[in-house]
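What follows is the residue order along each chain.
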Amino acid sequence: MSRRKIVAGNWKMNLDRAKGRDLALAVAARSAEAAGVDLVLCPPAAYLETVGSALGLSGSTSPSGVTLGGQTMHDKAGGAFTGEVAPPMLVDLGCRYVILGHSERRTLFGETDAIVNAKTKSALAAGLTPIVCVGETLEEREAGRTDAVVTAQIRGSLAGLSAVELEKVVVAYEPVWAIGTGKVASPQQAQEVHALIRSLLGSLASAEVAGKIRIQYGGSVKPDNAADLAVQPDIDGALVGGASLKADDFLGIARAFSG
Ligand code: 13P
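Worth saying up front: this structure is predicted, and the values here are computed from it rather than measured.

About the criteria used
Each chain has its residues counted from 1, running along the sequence as written. Under the rules for a predicted model, residues below a pLDDT of 70 receive no local features and side-chain atom pairs below 80 are neither given nor counted, while totals for whole chains, interfaces and linings still include all residues. Computation of side-chain values: all heavy atoms of the structure, hydrogens and water removed. Helix and strand assignments come from DSSP, with helices taken as H or I runs of at least 4 residues and strands as E runs of at least 2, each series counted from the N terminus. Restricting the calculation to C-alpha atoms gives the radius of gyration, and the globule rule supplies 2.2 Å times the number of residues raised to the power 0.38. When a residue's accessible area, from a 1.4 Å probe over protein chains only, is under 20% of the maximum for its type it is buried; when over 50% it is exposed; and in between it is partly exposed. Contacts: residue pairs with any heavy atoms within 4.5 Å of one another. A residue counts as positive if it is Lys or Arg and as negative if it is Asp or Glu; His and the chain ends are not included. Every charge is mapped onto a representative atom, which is NZ of Lys, CZ of Arg, CG of Asp or CD of Glu. We count a salt bridge whenever a side-chain nitrogen from Lys or Arg sits within 4 Å of a carboxyl oxygen from Asp or Glu. Should DSSP find at least two bridges between two strands, the strands are regarded as paired. Between N-to-C directions, angles span 0 to 180 degrees; the directions come from axes that are lines fitted to C-alpha atoms, helices contributing only their stretch in contact.

Quick notes on the overall build of the protein chain
Helix and strand content of the protein chain: 12 helices and 8 strands. Here the C-alpha radius of gyration of the protein chain, 17 Å, is about what a compact globule of 259 residues would show, namely 18 Å. By its C-alpha atoms, the protein chain is 45 × 45 × 35 Å across when sized along the principal axes. A total of 259 residues make up the protein chain; the buried ones form 52% of that total. Residue pairs in contact within the protein chain that sit at least 24 positions apart in sequence constitute 74% of those at least 6 positions apart. Positive and negative charge centroids in the protein chain, built from 25 and 27 side chains respectively, lie 3 Å apart.

In structure tokens form, the structure reads like this:
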């Protein structure tokens, strides 16, 4: 089963407007280096419009093929939710993707699997592709609980989705101990959990549907470790934090998944 690779840059709460625009321009200008890979930039909400216009978005596609994503959203389509961003607003800004349930959202902002599940359903209803994040902490890994934790997160976050909906989801496996620490999971550690996730997806839908769902790895991905991850059979791309803030590094990772 060949799945189109997807490399997304999660800029988190970094850069300023001018630097964000310059980075988007640089990635767009060089996107051909990563032919065949879906490239997604996820800037802070405040800069979605600036980055979208740097990418030359018209509707939701850009001439360079680089697309835009949000880092989070509310599950409601509108209303009295001070400070929040609604799914249709992301669509309005040209987003095609939205990261949901990132470990920083789960640990710092109290997002539970039930909240991630509600957001996933609203994203799909709005026409956005959710990038649903799961991953264990170091403590959980050391206690031998990785499989149980990831299983519960997948089942909870994706509960009640039809096979047609599941097929549209992107899953990101991001072990919390590898995020921003420089400690990347070994390709074998990552592949093991990706294979587990794919078999869980199979049990939620069918092996055929699971075979179409893209599963990204995230956590200290850099140009020099991307190639070993990219050759693993169930790793279909990367969700990149720190290294996505430099065009050279982001494109270096994307090239590893190209071709
Ligand atoms: P780093 O690549 O900085 O480890 O961050 C990973 C991440 O959290 C992407 O969502």
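Brief notes about the pattern of salt bridges
Per the counting criterion, the structure on display carries 19 salt bridges. Note that Arg105 and Glu111 form a salt bridge whose closest N and O atoms lie 3.2 Å from each other. Residue Lys119 pairs with Glu111 through a salt bridge whose shortest N-O separation is 2.7 Å. Classification of Lys119 by relative accessible area gives buried; the value is 6%.

As for the sheet that holds strand 5 (residues 129–134)
Through backbone hydrogen bonds, the strands of a sheet pair up, either in parallel or in antiparallel fashion. Pairing in this closed barrel of 8 strands is parallel, and the strands run 1-2-3-4-5-6-7-8 around the ring. Within this sheet the neighbouring strands show an average axis-to-axis angle of 25°, counted without direction. Taken together, the 6 bridges between strand 1 (residues 5–10) and strand 2 (residues 37–42) define a ladder with parallel strand orientation. Bridge pairing links Val7 to Leu39 in strand 2. Packing against the sheet, helix 7 (residues 146–157) makes contact with strand 5 and strand 6 (170–173), and its axis sits at approximately 155° to strand 5.

As far as function goes, none of this settles anything; it's purely spatial.
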